[in-house]
Amino acid sequence: NAAKLNESKLAEKYEGEIRQKVEYIGDLESKLSATKNVNAVLRSEKAELFKQRDDALGQNQQLNEQLIERYTNIPSLVQTVAAQENKIENYEGHYREILKLALKLTGKRLKKFVRRRRSS
């Protein structure tokens, strides 16, 4: 009887300790699961941030190439504008010459007309 009582006390004691260990292991497994979930979320966020960074770098590279292309085109555009301005100046000069000649011709015709009127 005493042995059974002693055995019963020991069994109760060890079962209590086993329950505590099982609960502790359960808590640890729960924490591990939560940590794995957090880790998965962080990995996903990290991947998204790397993607955003890579996209931004790509856009930055594109913008740099556009800037280089535009700066490269500036001298050509300056030459084109200068050539067009020269053409305009030539046209304006020719136009003034034509106006002067037209004015001279009109003056001559007027004088001729006036002479005819006076002589008739």
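In what follows, the structure referred to is the one given above.
Definitions and cut-offs
- Residues numbered from 1 in each chain as written.
- Predicted model: local features only at pLDDT ≥ 70, side-chain atom pairs only at ≥ 80, totals over all residues.
- Heavy atoms only, no water.
- Helix = DSSP H or I, 4+ residues; strand = E, 2+ residues; numbered from the N terminus.
- Rg over C-alpha atoms; globule rule 2.2 N^0.38 Å.
- Buried < 20%, exposed > 50% of the residue type's maximum accessible area, 1.4 Å probe, protein only.
- Areas by Shrake-Rupley, 256 points an atom, 1.4 Å probe, with all protein chains shown as cover.
- Lys, Arg positive; Asp, Glu negative; His and termini not counted.
- Charge placed at Lys NZ, Arg CZ, Asp CG, Glu CD.
- Expected span 1.5 Å × (residues − 1).
- Bend = angle between axes of the 7 residues up to and from the residue.
- Salt bridge = Lys/Arg side-chain N within 4 Å of Asp/Glu carboxyl O.
- Phe/Tyr/Trp six-rings, centres within 6.5 Å; stacked < 30°, edge-to-face > 60°.
- Lys NZ or Arg CZ within 6 Å of the ring centre and 35° of its normal.

(A) How the structure looks around the overall build of the chain. Per the secondary structure count, the chain includes one helix and zero strands. By the compact-globule yardstick of 14 Å for 120 residues, the chain is too spread out, its C-alpha radius of gyration being 50 Å. Projected onto its principal axes, the C-alpha positions of the chain cover 170 × 30 × 10 Å. Scored against the burial criterion, the 120 residues of the chain give a buried share of 1%. A total of about 11,800 Å² of accessible surface is found on the chain, and carbon and sulfur atoms cover 57% of it. If you average the places of the 24 positive and of the 17 negative side-chain charges in the chain, the two averages end up 30 Å apart.

(B) Main features of helix α1 (residues 2-119). Taking 1.5 Å as the rise per residue, α1 with 118 residues should run 176 Å; its terminal C-alpha atoms sit 168 Å apart, in good agreement. The sharpest bend along α1 reaches about 30 degrees and sits at Ile74, with the proline Pro75 one to four residues further on.

(C) The arrangement of the pattern of salt bridges in detail. Enumeration over the complete set of coordinates arrives at four salt bridges. Its salt-bridge partner being Asp55, residue Lys51 comes within 3.3 Å of it at the nearest N-O pair. With Lys51 and Asp55 both in helix α1 and four residues apart, this pair spans about one turn of that helix. Exposure remark for Asp55: the relative accessible area of 40% places this residue in the partly exposed category. With a closest N to O distance of 2.9 Å, Asp54 and Arg53 form a salt bridge.

(D) Structural view of the packing of aromatic side chains. In the structure shown here, the tally under the stated rule is zero aromatic pairs. Of note, Lys13 hangs over the ring of Tyr14, and the distance from its end group to the ring centre comes to 5.8 Å.

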